[in-house]
Amino acid sequence: VSLVRQIYKAGGKRPLPSITHMTGLPEEVEQELEEAKLDYDLVVLEGDYCRFVYWKETMLPVDWQAHDVAWKFLIRLIKSHRRNQPLRDGEYLEEGKQARTKEWRRKLKRALVSAEGAEQLVSELDALIVPATEAGTYKLKLRINQIWIRRYDGDSGVLEEAVDY
């Protein structure tokens, strides 16, 4: 029986658990994530067994585990953006492999297109990933202070800012 049906049968009195609670993240991490969604346009969280991307408070329903290359491209794009540099061809996106950013960009676009029910949000976010001035480079057209990116280490229980992701 689905969670929605369970809540309906209970008279709608049970609060909906957040997606992070269902994945087993601690309440403090969940709280910080909820606050970040209110304060930032792009919110990215990676845990031991979970990956989340929120755009304007709404989770993008993408299976980021299945779209690992797209996830790595997005993370590297954010990292480059924080250094105020475009993501360039030849940067290592997978251990031991160099790739053309155009190919990785295409994989991210495919992953975003897979997000059923969030077409408008996906379209908005996708439009902010643009070619930079040099051939083979991409950048984000988003203010750095509108991005929240964290990594949760379940072993240590630490939520860390993913500066050197």
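Residues numbered from 1 in each chain as written. Predicted model: local features only at pLDDT ≥ 70, side-chain atom pairs only at ≥ 80, totals over all residues. Heavy atoms only, no water.

Digging into the packing of helix H4 (residues 68-82) against helix H5 (residues 101-113)
Stated formally: Each axis is a line fitted through C-alpha atoms, taken for helices only over the stretch in contact, and angles between the N-to-C directions span 0 to 180 degrees. Each helix is a run of H or I in the DSSP string that is no shorter than four residues. Each strand is a run of E no shorter than two, and both are numbered from the N terminus. The cut-offs work like this: below 35 degrees is roughly parallel, past 145 is roughly antiparallel, 65 to 115 is roughly perpendicular, and the gaps in between are oblique. Here a crossing is taken to be left-handed if its near helix is turned anticlockwise relative to the far helix by less than a right angle, and right-handed if that turn runs clockwise. By definition, residues are in contact when any of their heavy atoms lie within 4.5 Å.
Closest axis-to-axis distance for the H4/H5 pair is 8 Å, and the angle between their directions is 115°. Overall, the two elements H4 and H5 adopt an arrangement that is roughly perpendicular. Handedness of the crossing formed by H4 with H5: left-handed. Together, Val69, Ala70, Phe73 and Leu74 of H4 and Thr101, Trp104, Arg105, Lys107, Leu108 and Ala111 of H5 make up the contact between the two elements.

Remarks on the pairing of strand S8 (residues 147-153)
The following threshold applies: Exposure classes here rest on a 1.4 Å probe applied to the protein chains alone. A residue is buried below 20% of its type maximum, exposed above 50%, and partly exposed in between. For two strands to pair, DSSP has to find at least two bridges joining them.
Of all the seven residues making up S8, five are buried; the element is thus mostly covered by neighbouring parts of the structure. Relative to S8, strand S1 (residues 42-46) runs parallel, the two sharing five bridges. The residue bridging Leu45 from the neighbouring strand is Arg150, located in S8. Bridge count for S8 against strand S9 (residues 158-161) is four bridges, and the pairing is antiparallel. Paired with Arg150 across the bridge in S9 is Glu161. Turn length for the S8-S9 hairpin, with the two strands adjacent in sequence and antiparallel, is four residues, and the turn residue Gly157 shows positive phi of about 75°.

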